[in-house]
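Commentary on secondary and tertiary structure
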Amino acid sequence: MAEAVTEVTTMSEALINTGIGMGTVFVVLILISFIIYLFKFIPKLMNREKKAETVTKPAAPAAPAAKAAAPAAKETAAPAAKETAAPDDRQLIAVIAAAAAAQMTEETGTPVAADGLVIRSIKKRILSN
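Note that residues are indexed from 1 along each chain, following the sequence as it is written. It should be noted that, the model being predicted, local features are given only for residues of pLDDT at least 70 and side-chain atom pairs only at 80 or more, the latter also being counted only at that level, while totals for whole chains, interfaces and linings use all residues. For the side-chain quantities, the full set of heavy atoms in the structure was used; hydrogens and water were omitted.

1. Things to note about the overall build of the protein chain
- When you go through the protein chain residue by residue, the secondary structure sums to 3 helices and 0 strands.
- Summary of the burial criterion: residues with accessible area below 20% of their type's maximum are buried, those above 50% are exposed, and those between are partly exposed, where the area comes from a 1.4 Å probe applied to protein chains only. Expressed as a percentage of the 129 residues in the protein chain, the buried residues total 2%.
- Accessible surface area values rest on a Shrake-Rupley calculation with a 1.4 Å probe, where residue burial reflects the displayed protein chains alone. Carbon and sulfur atoms make up 66% of the accessible area of the protein chain, which amounts to about 12,100 Å² in all. Secondary structure follows DSSP: runs of H or I at least 4 residues long count as helices, runs of E at least 2 residues long count as strands, and numbering of each begins at the N terminus.

Here it is in structure tokens:
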């Protein structure tokens with residue numbers, strides 16, 4: 001008959017195995033936390049590379065007067081586009097302030113001036129029925 005081979009593990013061997021396993025886990029956790037800590041330096045390195053690329057690029061040759069006038073026309077068009085977007089924001093803010101004043105007047109019964117309100121944030125809520 002074949003003899004059954006049994007291996008006896010003592011308490012000291014079990015504690016050593018447990019210690020090695022737990023130590024390995026903590027070392028890996030510390031390594032992961034250090035890697036996550038280094039993530040905050042990535043944007044700084046990326047900006048440094050972009051600056052280096054702009055410095056190493058050669059300057060463009062001088063353009064004729066006709067080509068130089070075209071970018072000037074684009075630059076004057078860009079502020080006009082920005083100015084048209086700003087009144088939309090002002091109109092939206094005015095409408096929201098007026099609605100808030102009307103709601104506060106309705107709730108309190110006391111008239112509230114819309115120009116005295118300060119709206120700090122606007123959050124969109126989706127209502128589900």
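Here the narrative resumes, following the displayed structure.
2. Here's the deal with the confidence of the model for the protein chain
- Known as pLDDT, the predictor's confidence for each residue is given on a scale from 0 to 100. This prediction gives the protein chain a mean pLDDT of 75; 70% of its residues lie at or above 70.
- In the model of the protein chain, helix 3 (residues 65-108) stands out as the element of lowest mean pLDDT, 64, in contrast to helix 1 (residues 11-38), which has the highest, 96.
- Across residues 62-85, confidence stays below pLDDT 50; counting only partners more than four residues off in sequence or on other chains, it has 0 contacts. Here, two residues are considered to be in contact whenever any of their heavy atoms come within 4.5 Å of each other.

3. A look at the packing of aromatic side chains
- Between 30 and 60 degrees the pair is tilted, below 30 it is stacked and above 60 it is edge-to-face, where a pair is any two Phe, Tyr or Trp rings, Trp via its six-membered ring, whose centres lie within 6.5 Å. Here the structure, examined in full by the defined rule, presents 2 aromatic pairs.
- Pairing Tyr 37 with Phe 41 gives two aromatic rings, centres 5.7 Å apart and planes at 80 degrees, and the pair type is edge-to-face.
- Residue Tyr 37 is classed as partly exposed on the basis of its relative accessible area of 44%.
- The partly exposed category is assigned to Phe 41, whose relative accessible area is 31%.
- Three or more aromatic residues link up through ring pairs in this structure, and these residues are Phe 34, Tyr 37 and Phe 41.

4. Brief notes about a nonpolar patch on the surface
- To count toward a patch, a residue needs a relative accessible area above 30% and no salt bridge. Like charges then connect within 9 Å, nonpolar side chains (Val, Leu, Ile, Met, Phe, Trp, Tyr) within 5 Å. For this analysis, a salt bridge means a side-chain nitrogen from Lys or Arg found within 4 Å of a carboxyl oxygen belonging to Asp or Glu. Judged by side-chain polarity, Met 22, Val 25, Phe 26, Val 28, Leu 29, Leu 31, Ile 32, Ile 35, Ile 36, Phe 39, Ile 42 and Met 46 come together as a nonpolar surface patch covering roughly 1,100 Å² of accessible area.
- Those elements that provide at least two residues to the nonpolar patch are helix 1 and helix 2 (42-56).
- When residues in the nonpolar patch are grouped by element, the largest group, 9 residues, is from helix 1.
- Here Phe 26 lies in helix 1.

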